[in-house]
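Summary of structural features
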Amino acid sequence: MITVQTSVNASIDKVWKFWTTPKHIQKWNNPTDDWHTPSVENDVKTGGKFKYTMAKKDESISFDYEGIYTKVDNFLVIEYQLVDKRTGSFQFESQDDKVIITEIFAPDAANHENEQKQFCQGVIDNFKKYTEAN
């Protein structure tokens with residue numbers, strides 16, 4: 001399993017809203033400035049489906065991050081299973097005026113684990129930057 005984490009200086013209400021709302025996801029869901037998320041479908045409930053299309057801005061790489069939510073406990077945890085059957089979770093720990101977000105996920109076999117960790121760390125770091133600035 002791979003673990004990435006960040007601490008966001010914002011309320012849990014704001015963090016949850018920015019994490020789950022498609023218009024916000026499109027703004028932060030990229031690891032670096034040369035990536036973007038042109039489309040988002042997100043039904044945040046147990047049994048709900050999600051699909052984020054992620055792509056490099058130069059159109060050299062594109063993929064869908066897609067699956068189903070297996071457990072949603074608002075403001076605490078989101079667990080999911082991707083279409084390839086890998087699983088993961090996001091945990092939200094509210095501490096005073098900040099929220100610690102921890103993602104734990106099964107890596108795919110096609111890419112080096114360190115690259116996957118760096119990619120996902122970049123995404124949640126960008127979430128922190130976006131949320132704190134808006």
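I will try to describe carefully the structure that is included in this document. (Residues numbered from 1 in each chain as written. Predicted model: local features only at pLDDT ≥ 70, side-chain atom pairs only at ≥ 80, totals over all residues. Heavy atoms only, no water.)

Re the overall build of the protein chain
Threshold: Working definition: helices are DSSP H or I runs of at least four residues, strands are E runs of at least two. Numbering for both runs from the N terminus. Only the C-alpha atoms count toward the radius of gyration. The rule for a globule is 2.2 Å times the residue count to the power 0.38. For each residue, the accessible area found with a 1.4 Å probe, counting protein chains only, is set against the maximum for its type, and the residue is called buried under 20%, exposed over 50%, and partly exposed in between. Reported accessibility uses the Shrake-Rupley method at a 1.4 Å probe radius. Residues are deemed covered only where the shown protein chains occlude them. Positive residues here are Lys and Arg, negative ones are Asp and Glu, while His and the chain termini are left out of the count. Charged side chains are reduced to one point each, which is NZ for Lys, CZ for Arg, CG for Asp and CD for Glu.
When you go through the protein chain residue by residue, the secondary structure sums to three helices and seven strands. When the helices and strands of the protein chain are placed in sequence order, the string is β-α-α-β-β-β-β-β-β-α. Computed over C-alpha atoms, the radius of gyration of the protein chain comes to 14 Å, within 12% of the 14 Å expected from 2.2 N^0.38 for 134 residues, which places it in the range of a compact globule. In terms of its C-alpha atoms, the protein chain occupies a principal-axis envelope of roughly 40 × 30 × 25 Å. The buried share among the 134 residues of the protein chain stands at 42%. Here the protein chain has roughly 7,400 Å² of accessible surface; of this, 47% comes from carbon and sulfur atoms. Of the side-chain charges in the protein chain, 16 are positive and 21 negative, and the distance between the mean point of each set is 4 Å.

With respect to the packing of helix 1 (residues 12-20) against helix 3 (residues 113-133)
Note the following rule: Note on geometry: axes are lines fitted to C-alpha atoms, helical ones only across the stretch in contact, with angles between N-to-C directions running from 0 to 180 degrees. Here the word oblique covers every angle except those under 35 degrees (roughly parallel), over 145 (roughly antiparallel) and from 65 to 115 (roughly perpendicular). Crossing chirality is assigned from the near helix's rotation relative to the far helix, an anticlockwise turn below a right angle marking it left-handed and a clockwise turn marking it right-handed. Contacts were defined at the residue level, with two residues in contact if any of their heavy atoms lie within 4.5 Å. Lys, Arg, Asp and Glu make up the charged group, whereas Ala, Val, Leu, Ile, Met, Phe, Trp, Tyr, Cys and Pro make up the nonpolar group; the residues left over, Gly among them, are polar.
Across the interface, helix 1 lies against helix 3 with an axial gap of 11 Å and an inter-helix angle of 120 degrees. Taken together, the axes of helix 1 and helix 3 lie oblique to each other. Along this stretch, helix 1 crosses helix 3, giving a crossing that reads as right-handed. Contact residues: Lys 14, Val 15, Phe 18 and Trp 19 in helix 1; Ile 124, Phe 127, Tyr 130 and Thr 131 in helix 3. Of the residues contributing to the contact of helix 1 with helix 3, the split by class is six nonpolar, one polar and one charged.

Details of the pattern of salt bridges
Heads up, the rule is: We define a salt bridge as a side-chain nitrogen of Lys or Arg found within 4 Å of a carboxyl oxygen belonging to Asp or Glu.
As enumerated under the stated definition, the model contains five salt bridges in all. A salt bridge links Lys 56 to Asp 34, with the nearest nitrogen and oxygen atoms 3.2 Å apart. Here Asp 34 lies in the loop between helix 2 (22-28) and strand 2 (35-42) and Lys 56 lies in strand 3 (residues 49-56), a separation of 22 residues in the sequence. With relative accessibility at 35%, the residue Asp 34 sits in the partly exposed group. Notably, a salt bridge pairs Lys 51 with Asp 64, separated by 3.7 Å at the nearest N-O pair. Of this pair, Lys 51 sits in strand 3 while Asp 64 sits in strand 4 (residues 62-73), and the two are 13 residues apart along the sequence. Residue class for Lys 51 comes out partly exposed when judged on its relative accessible area of 27%.

Nothing here speaks to function; it is geometry throughout.
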